[in-house]
Amino acid sequence: MHPVVVTGSASGLGAAVRRRLERDGRRVIGVDRHDAELLADLGTPEGRNHALEAVLSASRGALDGVVSCAGLGPYEDPVAILRVNFFGALAVLDGLREALGRGREPAAVAISSVGAVFDALARPALLEACHAGDEPRATAEVGDCDGTTAYANAKRALAQAVRRRAPQWGALGIRLNAVAPGQTETPMLERLLRDPAHAKAIRALPVPLGRSAQADEVAAAVCFLLGPDARYVHGHVLFADGGVDAAARPDEF
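About the criteria used
Residues numbered from 1 in each chain as written. Predicted model: local features only at pLDDT ≥ 70, side-chain atom pairs only at ≥ 80, totals over all residues. Heavy atoms only, no water. Helix = DSSP H or I, 4+ residues; strand = E, 2+ residues; numbered from the N terminus. Rg over C-alpha atoms; globule rule 2.2 N^0.38 Å. Buried < 20%, exposed > 50% of the residue type's maximum accessible area, 1.4 Å probe, protein only. Salt bridge = Lys/Arg side-chain N within 4 Å of Asp/Glu carboxyl O. Core = buried A, V, L, I, M, F, W, Y, C linked by side-chain atoms within 4.5 Å. Contact = heavy atoms within 4.5 Å. Phe/Tyr/Trp six-rings, centres within 6.5 Å; stacked < 30°, edge-to-face > 60°. Pairing = 2+ DSSP bridges. Axes fitted to C-alpha atoms, helices over the stretch in contact; angles between N-to-C directions.

A.B. asks: I keep staring at the overall build of the protein and nothing clicks. Help me out?
C.D. replies: Looking only at helices and strands, the protein has 12 helices and nine strands in total. Relative to the 2.2 N^0.38 estimate, which gives 18 Å for 253 residues, the radius of gyration of the protein is 17 Å and therefore close to what a compact globule would have. Projected onto the principal axes, the alpha-carbon positions of the protein cover approximately 45 × 40 × 35 Å. Within the protein, the proportion of its 253 residues that are buried is 53%.

Structure follows, in structure tokens:
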């Protein structure tokens with residue numbers, strides 16, 4: 001078997017995905033800014049190129065899976081959020097597509113967010129710039145956003161990018177999906193709950209299951225999409241959110 005790449009593998013959901021994959025006997029190549037096999041900052045073109053070159057070298061050019069999980073929380077600088085959560089995440093997926101094409105039943109998963117579904121936060125001009133691959137224009141558009149808006153739009157653009165790639169990736173025999181988590185017990189959520197403004201918004205969001213997810217529960221959804229039981233699941237956004245999306249948009253699917 002060829003390895004699986006997990007970005008953001010040092011903590012939170014990325015670490016949970018790594019643990020579950022390794023428990024299943026998979027070889028994982030972790031990419032993060034610290035505590036990983038490959039150290040890289042996906043917020044810059046240079047960091048992305050370094051990550052891709054290092055992964056291709058470590059994997060000998062063939063991968064069975066990619067999980068694009070690295071991301072910054074809504075409390076970070078809006079421009080940095082956009083650079084990492086959309087442009088960095090997508091650069092990893094697109095840059096490793098050929099290596100996935102050499103894999104055995106290859107699959108990739110991007111981590112979006114249930115926050116991506118809220119139309120009130122959508123910025124059409126920003127989304128358009130993202131899909132055009134115009135990073136300078138997109139960073140200019142995000143300049144007047146707060147962190148929450150930047151985060152929601154970056155994750156929305158990423159989910160849309162996954163769905164838009166379904167025809168091309170499917171023709172190559174590579175499955176590509178996204179997972180959209182809700183409240184998940186990670187260091188990101190802990191930090192958000194320490195901020196009164198973020199904490200109030202989080203607690204006001206109704207969760208039909210009445211609780212946050214454990215990171216391993218969301219990791220299970222990611223690993224399902226990577227595995228053989230999801231051989232016919234492609235171009236899908238899987239909500240692991242305790243029912244938030246259904247409660248917010250009951251007639252959308």
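Back to the write-up after that little detour.
A.B. asks: Even after reading the chapter, I still don't get the pattern of salt bridges, so can you show me in this structure?
C.D. replies: Once their charged atoms are close, side chains differing in charge can pair, the charge on each being opposite to the other. Within this structure, the stated rule accounts for 15 salt bridges. Residue Asp-216 pairs with Arg-23 through a salt bridge whose shortest N-O separation is 3.8 Å. Taken together, the residues span a long stretch of sequence, with Asp-216 in helix 11 (residues 215-226) and Arg-23 in helix 1 (residues 12-23) at a distance of 193 residues. The partner of Glu-76 in a salt bridge is Arg-191, and the shortest N-O contact between them spans 3.7 Å. One end of the pair, Glu-76, is in the loop between strand 4 (65-68) and helix 3 (78-95); the other, Arg-191, is in helix 9 (residues 187-193), and 115 residues separate them in sequence. The exposure class assigned to Glu-76 is partly exposed, which follows from its relative accessible area of 30%. Classification of Arg-191 as partly exposed rests on a relative accessible area of 39%. Taken together, the shared-partner salt bridges connect Arg-18, Glu-22 and Glu-37 into one network.

A.B. asks: So what exactly am I meant to see when it comes to the nonpolar core here?
C.D. replies: The tendency in soluble globular proteins is for nonpolar side chains to be buried side by side. Within the largest apolar cluster, 49 residues are counted, with the highest numbers of intra-cluster contacts made by Val-66, Leu-82 and Phe-86. Listing elements by their share of this core, those giving two or more residues are strand 2 (28-32), helix 2 (45-59), helix 3, helix 4 (97-101), strand 5 (107-111), helix 5 (124-131), helix 7 (147-164) and strand 6 (175-181). In this view, Val-66 contacts Val-4, Val-5, Val-92, Leu-93, Leu-96, Leu-100, Ala-107, Ala-108, Val-109 and Leu-226; residues no more than four positions away in its chain are not counted. Among the nonpolar cores identified, the runner-up in size contains 24 residues, and Ala-107, Ala-213, Ala-215 and Val-222 belong to it.

A.B. asks: Just checking my understanding: could you explain the packing of aromatic side chains for this structure?
C.D. replies: The geometry of an aromatic ring pair is captured by the separation of the ring centres together with the interplanar angle, meaning the angle of the planes. Applying the stated rule across the entire model yields one aromatic pair. Judged by centre distance (4.9 Å) and plane angle (85°), the ring pair of Phe-86 and Phe-87 falls under edge-to-face. Summarising the burial analysis for this pair, Phe-86 and Phe-87 share the class buried.

A.B. asks: Any chance you could explain the pairing of strand 5 here in plain terms?
C.D. replies: Both faces of the sheet carry side chains from a regular strand, because those side chains alternate between them. For strand 5, the tally of buried residues reaches five of five residues, placing the bulk of the element in the interior. Neither face of strand 5 is exposed, since Ala-107, Val-109 and Ile-111 on one face and Ala-108 and Ala-110 on the opposite face are all buried. Of the pairings in the sheet, the one linking strand 4 to strand 5 comprises four bridges and is parallel in character. Counted as the bridge partner of Ser-68 is Ala-110 from strand 5.

A.B. asks: I would appreciate a short explanation of the sheet that holds strand 6 in the present structure.
C.D. replies: Note: strands within a sheet are paired through backbone hydrogen bonds, in either parallel or antiparallel orientation. Strand order across the open sheet formed by seven strands is 3-2-1-4-5-6-9, with parallel pairing between neighbours. Of all the strands in the sheet, just strand 3 (38-39) and strand 9 (237-240) have a single pairing partner and so form its edges. Sheet topology note: the strand 1 (residues 4-7)/strand 2 ladder contains four bridges and is parallel. Across the sheet, residue Thr-7 finds its bridge partner in strand 2, namely Val-31. In the packing of helix 3 onto the sheet, the strands contacted are strand 1, strand 4, strand 5 and strand 6, and the crossing angle to strand 4 comes to about 175°. On top of the sheet, helix 7 reaches strand 5, strand 6 and strand 9; it is set at about 160° to strand 5, its chief contact.

Honestly, that's just the spatial picture; any functional story needs more than this.
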